[in-house]
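Overview (structure and organization)
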Amino acid sequence: MLTIGRQEYIGINAFESLDTNFVYANIKKPYHKYLFFEKIQSGYDYLIKHVDLRDINIVHATTVFSDGAIALRLNKLYGIPYIVAVRTSDLTGFLAKAPHTWPIGIEVLKRSSAIVFISESLRRKFVKHIALRPFVKELEHKFVLQPNGIDESWLENIVKQKRENNNNLCYIGRFDKIKNVPRVVDAVIQLRDTIPGVHMDIVGGGGCDLEKIKGMIDHYPNPFHYHLYMLYQVG
């Protein structure tokens, strides 16, 4: 498993496994945000140097553009098949702001063995993009809907009894615009008049709506409890 990032990322996603080797590439630079193809070249060069491709028979690219472009190169040069996951950053980042990367993104999708979406709403927004609409018929047979997994500890500790107070809400995740968290926070604020005991725990950070949400919580502190998740503060 190769993770490309900065020093802060090292060890974040590691877990004990007999069959998984974690490789952390501390090569991400600030200017890579603007020099996409140099970022891909850096990632590919590091991968070739530190991973024995003879042990690889399939690649899982966790994004279409940043990871998918590397998987595409491996497929072209070494014939290694790959599956690719569509993420929010593909939609709100590259497809929204970087048209010079669209051709390679389309090629990534065409040569992939499967295209994974974590939600139906993300799939709908993805296929409506102007650059992708002409290729949907060609690609849709590879679409797979696979929501993010749930840790077994949650499934093993399900609370089945009915609770007297059902007015507690919880949000966990980044504060990206596509998540629409400010609208949820505003709904909780409006509900205070009709449901005095309403309460919301917010676990997360990062994303373009971070400051907006923090401002809303600071202005109406009573119904909210904000838990800063440090992982979202990296980078």
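Residues numbered from 1 in each chain as written. Predicted model: local features only at pLDDT ≥ 70, side-chain atom pairs only at ≥ 80, totals over all residues. Heavy atoms only, no water.

What to know about the overall build of the chain
When helices and strands are tallied, the chain shows nine helices and nine strands. Across the 235 residues of the chain, 37% fall into the buried class. Here the analysis covers contacts within the chain between residues at least 6 apart in sequence; of these, 68% occur between residues at least 24 apart. Counting only carbon and sulfur atoms, one obtains 53% of the accessible surface of the chain, whose full area is about 15,100 Å². (Helix = DSSP H or I, 4+ residues; strand = E, 2+ residues; numbered from the N terminus. Buried < 20%, exposed > 50% of the residue type's maximum accessible area, 1.4 Å probe, protein only. Contact = heavy atoms within 4.5 Å. Areas by Shrake-Rupley, 256 points an atom, 1.4 Å probe, with all protein chains shown as cover.)

With respect to the packing of aromatic side chains
Tallied over the full model, the rule gives seven aromatic pairs. A centroid spacing of 6.2 Å and a plane angle of 40° characterise the contact between Phe175 and Tyr226, whose relative ring orientation is tilted. Pair noted here: Phe175 is in the loop between strand 7 (168-174) and helix 8 (181-191) and Tyr226 is in strand 9 (residues 224-228), with a separation of 51 residues, a long-range link. One aromatic cluster is present, formed by Phe36, Phe37, Phe65 and Phe94 through successive ring pairs. One cation-aromatic arrangement involves Arg73 over Tyr44; the distance from NZ or CZ to the ring centre is 4.9 Å. (Phe/Tyr/Trp six-rings, centres within 6.5 Å; stacked < 30°, edge-to-face > 60°. Lys NZ or Arg CZ within 6 Å of the ring centre and 35° of its normal.)

Details of the packing of helix 1 (residues 36-50) against helix 2 (residues 68-78)
Closest axis-to-axis distance for the helix 1/helix 2 pair is 9 Å, and the angle between their directions is 55°. With respect to their mutual orientation, helix 1 and helix 2 come out oblique. Handedness of the crossing formed by helix 1 with helix 2: right-handed. Residue-level contacts link Phe36, Ile40, Gln41, Gly43, Tyr44, Leu47 and Ile48 of helix 1 to Ala69, Ile70, Arg73, Leu74, Leu77 and Tyr78 of helix 2. Of the residues belonging to the contact of helix 1 with helix 2, the class tally is 10 nonpolar, two polar and one charged. (Axes fitted to C-alpha atoms, helices over the stretch in contact; angles between N-to-C directions. Parallel < 35°, antiparallel > 145°, perpendicular 65-115°, else oblique. Left-handed = near helix turned anticlockwise from the far one by under 90°. Nonpolar A, V, L, I, M, F, W, Y, C, P; charged D, E, K, R; others polar.)

A closer look at the sheet that holds strand 8 (residues 199-205)
Taken in spatial order, the three strands line up as 7-8-9 in an open sheet, and their pairing is parallel. On the outer flanks of this sheet lie strand 7 and strand 9, each paired with one strand and no other. Mean inter-strand twist for the sheet, computed between neighbouring axes without regard to direction, equals 15°. Pairing geometry for strand 8 and strand 9, over five bridges, is parallel. Looking at the pairing, Gly204 lines up with Leu228 of strand 9. Together, strand 8 and strand 9 form the strand contacts of helix 9 (residues 210-219), whose direction differs from that of strand 9 by roughly 140°. (Pairing = 2+ DSSP bridges.)

Focus on the pattern of salt bridges
Applying the stated rule across the entire model yields five salt bridges. Among the salt bridges present, the one from Lys76 reaches Glu107, with a minimum N-O distance of 2.7 Å. Of this pair, Lys76 sits in helix 2 while Glu107 sits in helix 4 (residues 102-111), and the two are 31 residues apart along the sequence. The partly exposed category is assigned to Lys76, whose relative accessible area is 44%. Relative accessible area serves as the criterion here: at 27%, Glu107 is assigned to the partly exposed category. The salt bridge involving Arg123 is made with Glu120; its shortest N-O contact spans 2.7 Å. Taken as a pair, Arg123 and Glu120 lie in helix 5 (residues 120-127) at a separation of three residues, close to a single helical turn. (Salt bridge = Lys/Arg side-chain N within 4 Å of Asp/Glu carboxyl O.)

Quick look at the pairing of strand 5 (residues 114-117)
What you see with strand 5 is no split at all: Ala114 and Val116 on one side and Ile115 and Phe117 on the other are buried throughout. With four bridges connecting them, strand 4 (residues 82-86) and strand 5 associate as parallel partners. From the neighbouring strand, Val86 faces strand 5, where its bridge partner is Phe117. Summarising the sheet, strand 5 and strand 6 (residues 143-145) pair through three bridges and their orientation is parallel.

Let's talk about the environment of Leu122
Tracing the backbone through its elements, the reader meets Leu122 in helix 5. Exposure remark for Leu122: the relative accessible area of 4% places this residue in the buried category. Once the C-alpha coordinates of Leu122 and Leu145 are considered, the two residues, 23 residues apart in sequence, prove to be 9.9 Å apart. Contact partners of Leu122, with chain neighbours within four places excluded, come to Val86, Arg87, Thr88, Leu91 and Phe117.

Spatial relationships are all this shows, so hold off on functional conclusions.
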